[in-house]
Structures are given as C-alpha cells and as structure tokens.
Amino acid sequence: MSSAESGLVRPGFGAGLADVFRSRFLLRLLVSKELKVRYRGSVLGLLWSYVKPGVQFVVFYVALGLFLGLERGMQNYAVYLFSGIVLINFFSEALANAARSIVNNGGLIKKIYLPRELFPVASVWVSAVHFVPQMAVLLLGCFMAGWHPSLLQLVAAVAGFLVVGMLAIGLGLFFGSANVYFRDSENFVDMLLMLATWASPVMYSWPMVRNQLGDVGFAIYQTNPLTIGVEAFHYAFWYPTTDGTAAVPPNLLALWIPVGLVVSAVILFLGQLTFRRLEGRFAQEL
Amino acid sequence: MTNAVEIRNIDKQFVLRHTRSIKEAIVWLAKGRKGDLSEKFYALSDVSIDIEQGDTVALLGFNGSGKSTLLKHISGVMLPDSGTVHTRGRVAGLIEVGAGFHPDLSGRDNVFLNGAILGMSEAQINERFDSIIEFAEIGQFIDTEVKFYSSGMYLRLAFSVAVHTDPEVFLVDEILAVGDEPFQRKCIDKIKELAGEGKTLVVVSHDLDLVSRICQRGILLEQGKVRFDGPIDAAVARLRGDG
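My aim in this report is to walk through the structure given alongside it, one point at a time.

Rules used throughout
- Residues numbered from 1 in each chain as written.
- Chains lettered and ligands numbered in written order.
- Predicted model: local features only at pLDDT ≥ 70, side-chain atom pairs only at ≥ 80, totals over all residues.
- Contact = placed C-beta atoms within 7 Å.
- Helix = DSSP H or I, 4+ residues; strand = E, 2+ residues; numbered from the N terminus.
- Nonpolar A, V, L, I, M, F, W, Y, C, P; charged D, E, K, R; others polar.
- Pairing = 2+ DSSP bridges.
- Axes fitted to C-alpha atoms, helices over the stretch in contact; angles between N-to-C directions.
- Parallel < 35°, antiparallel > 145°, perpendicular 65-115°, else oblique.
- Left-handed = near helix turned anticlockwise from the far one by under 90°.
- Expected span 1.5 Å × (residues − 1).
- Buried ≥ 20, exposed ≤ 12 C-beta atoms within 10 Å, placed from the backbone.

Taken residue by residue, the interface counts 30 residues in chain B and 25 residues in chain A. Mapped onto the side of chain B that touches chain A, the elements with two or more residues apiece are β1 (3–15), α2 (67–75), β4 (82–88), β5 (91–95) and α3 (107–117) of chain B. Ranked by the residues each element gives to the side of chain B that touches chain A, the list is headed by β4 of chain B, at five residues. Of the residues assigned to the side of chain B that touches chain A, the class counts are 15 nonpolar, nine polar and six charged. As paired strands, strand β1 (residues 8–9) of chain A and β4 of chain B are joined by two bridges and run antiparallel to one another. Note on β4 of chain B: the bridge partner recorded for Leu 8 of chain A is Arg 88 of chain B.

All names here are of chain A. Between helix α11 (residues 225–238) and helix α12 (residues 252–278), whose axes approach to 9 Å, the crossing angle comes to 135 degrees. By the angle between their directions, the pair α11 and α12 is classed as oblique. Judged by the twist between their axes, the crossing of α11 over α12 is left-handed. Where α11 abuts α12, its residues Pro 225, Ile 228, Gly 229, Glu 231, Ala 232 and Tyr 235 lie against Leu 252, Trp 256, Ile 257, Val 259, Gly 260, Val 263 and Ser 264. Of the residues belonging to the contact of α11 with α12, the class tally is nine nonpolar, three polar and one charged.

Attention shifts here to α12 of chain A. Residue and element names in this part refer to chain A. Under the 1.5 Å per step criterion, the end-to-end length of α12 is 37 Å for 27 residues, consistent within 8% with the ideal 39 Å. Turning to α12, its buried residues are Trp 256, Ile 257, Gly 260, Ser 264, Leu 268, Gly 271, Phe 275 and Leu 278. Considering only its buried residues, α12 is in contact with α8 (151–181), α10 (206–222) and α11.

At Asn 251 of chain A, a position not held by glycine, the phi torsion is positive, near 60 degrees. Its identity as a non-glycine residue notwithstanding, Asp 166 of chain B has a phi of 55 degrees, on the positive side.

All names here are of chain A. It is the contact of helix α5 (residues 77–104) with helix α9 (residues 184–198), at a shortest axis distance of 9 Å, that shows an interaxial angle of 175 degrees. Judged by the angle between their axes, α5 and α9 are roughly antiparallel. Contacts between α5 and α9 involve Ile 88, Phe 91, Ser 92, Leu 95, Ala 96, Ala 99 and Arg 100 from the first element and Ser 185, Glu 186, Val 189, Asp 190, Leu 193, Ala 196 and Thr 197 from the second. Classifying every residue of the contact of α5 with α9 gives eight nonpolar, three polar and three charged.

This brings us to the pairing of β4 of chain B. Two strands pair when backbone bridges link them, and β1 of chain B and β4 of chain B are joined in this way by five bridges, in the antiparallel orientation. Note that in β4 of chain B the partner of Asp 11 of chain B across the bridge is Ser 82 of chain B.

Written as structure tokens, this is what we have:
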C-alpha cells in the first residue's frame, strides 16, 4: 500500500498531548486570548482575580474560624485556610473550564483540524495564570505570619501543584470529551467540584478525619490526589509559620506525595486515552 | 506525478436522530435492543479519489450530496467509518473563513491567532504580516477590535490570513463570495495564482461558471457517491443536464 511511502499522512490522527507540545505557539495564543477576553469591559479587570478569592477567604474565615471556633484550636488558621483554598480554586476553575472547553470551541473544532487537546490544556493553563495573584496574596499572609520555609517545603509545594495540575488536565480531557456526547458531564463536574472542597482538609484539619475514619479509612482518604496537594501546600505555607508543634500527616513526603504524583499521572493517561477514543466523532456530534 | 491526496473506499454514516433521553434508551433495552436506537444514512459511500499534486479539482453536486463532508475528511476534521484517507504535505482550508476569529480581539491579535490555528509558525506570521494586512486592505484598523469591523473588512482579513498560510493542498469551501466585487476578483486572481504555482486545489462551490474558470477537473457527487470524475466542462454539463 502507498501508506508506506514517505510523506503520506493520515489527516485527523494526531499524537495527543505530544501535539500540544508541538503547537506551543498556538497554545500560548489561546491562553492569552482567554486572559484578554476574561475581564473585557470591566473596570476592575485583573483585580477581580484578587477580589473574588479575598471575599471568599473572609467569609470562610469569619464563619469557620470565628463562629465555629476553629481559630482557637489552631495556630494561624487564616493561613491554613487560605493555602488550601487557593489550590482548590485553581483546581475548580481549571476543571470546570476544561470540561466545557471542547463544546465551547465547537465552532472551530467542526471546521478546522487542530490538536483538540489544546483546549482543555489551555483552560488549565489559564487557571494557573489566575492562580498567580492568589499565590501572591497567600505569600503576603505567610510573611506577615513569620514564614520561614525550608527548601524541602518549597519542593513539596511545587509537587503539590503538579499533582493537582495533572489531575485537572486528566479529568478535563475525560469530562471535556464526554461532554460532547452527554452534556450531563459538565453538571457532574460541577457536583464533583462542590465535593472537592470538603473531601480534602481545607476547612478542617486531617487529624479530625483520622479520628473519625480510623487508619484504614484515613489511608483511603489520603489517596485522593487533591488531598495530597492540599496537605503539601499546608506543609509548605502554613507549617513554617507555626511553632512546629502541629502534626504533619504521617509519611507525607516519603509516601503520599509520590502516591499523589502516580495517581495523577495515571488519571492523566486514562483521560488522554478516553479523549483519543472519543475525538474521532467530535466534528459530527458537536 | 505523485498523489497529494489518496482517498480509498471511504464510508461515512451520519445519525439522523439522536436519542438522548433515558426513557427512550430503557424502552429500547427492554425491547431486547431491537432495531437501531437512531436512524442513519450514508453521507459518503465507497468514495475513492486520487488527486495528483498540482491538480485543480472542483467537487460538484447539489446540497447534501456530501461535498463538504468529503472536504472535512481531507482536512482531518472528520474520520471515515471505513476506508482510508492519506494526504501529502500541509493541508489548509479556506473553510468558512473567520472560524477562528474572536470578536473582542484586535485585528492584529486575530491574525496571529488565526494564522496559528491554520498551522503557521510564529516566524512565518511575522514574516507575512505586512503582506496579510496589505492584501486585506485593512490599513489603520489593524489594532481595532474586529467586532467593530464591517462585515466586508472582517471577511477580507480572514481570507487574507488563509491565503497566506501557503500549504501544499488548499481546500476551498464556498468562500469566493467574499466582500465587494473588486475584492472578489482579487481573491479569485489569488486562487488562480496559487493554482498556477502548482498548488493542489480542492474547491467546493455552487458557482459553476467560477469553478469552470479555476478548475480543470470536476468530480460530481450524488448522495455520497461519485457519479462522474473527469474534465470540468463535462462535469458541469452533466450537473446542469441532471438539474
């Protein structure tokens, strides 16, 4: 067959995420388009990226820290709370947008062939850019609380971010492609994200979970990559502001962060696999 | 001569009616999965076409005959249910120009975005940027958001980006009705020029006089099947005769 001849390719058969890497230039343009378009016509513009998490933080802090008294049981509860919230915010925005990205870009996908993985990946990247101002606010709070991190703790933060970022891309590929066939997918994601805030120790602390669930239950709770990411962030941003008597989850560095990386990588792989199976019929289903 | 496009026995089925409700799906399951949950029809059926490098081909046929579907298979937007499509060199489409435009971005941003969507690299766009603007006759409006453009300006810019992508195989779908008459003539001249340079062209248009001027070969499609494949004049005559 002539397919063995050099130079002949089968159009529409891409290399998945590897193609995204090859089209970095387009990815960058898609991301900058989203960023430019996001706050168009608003007076505050990018300031909204500070205002929204700021208000959210104040609400949680007043309700949980002061009214429910969590502030009394924990040093620097405000830093603890915010370091978890920023990561969950990143994840929620990334996944919610990635799950809708294919359907929202349907007009383009129906007409021009390009690596469709670009759209979920761009959504996650845009969220990562919005994560930066929140991170700046968090660091400000950390320094005010006397933050003095070690190198290991900073590495843990990067690893935690990586775990959550890979998870968001993996689930984004999965739900984004499923959404083309069943719009239930994006609603399911909304429900999942509501759970995500509470299925990780963002508002409460991990010993409360272990006391209720026991060791086996706690081990299951710990396999959630999001939980591991949040704990890594606590370890990096909150723990160095305390006097060091607070308990770090056992084996966080030696076991759980590697587990989180592996679980996220597996989900990323499965997400890519599903995406490739479903993308062949995107153009006719959209 | 070598082939730029090889299409071998492709079939494509479309679903006419989608069943998305749980109730209908359960009824279907309860009845022992009898029949199809949805009706299907063949948009393309056993289509085989070879297009040589430098060929100028018009896909002809009435609405719903499968012309645009075939073009989408060549560009890779759709995959065939069976059979294979192979292409050589970069394929780019003048398919519904402006599909990748965003109204809130400036003309300049859109040139870069759309150029990249059509497969140009950063260096290529930078290099051809002035030529794109000149061809589009946009002038000082290049930094204005395209939502403020007149529809003619919008189409001219989009067309200009598309013709500057410089692929080996050009897919053209019903875009020749762009802008006012002088610009239309310019577009047609540009397409003829591309054909003259030895680019492969695959054109879908209902404007039979126009395609007979641009293309040498005509392929007549009817209900997803190739009815005729030969010189453009004969293909056009046949289509007119059938009509």
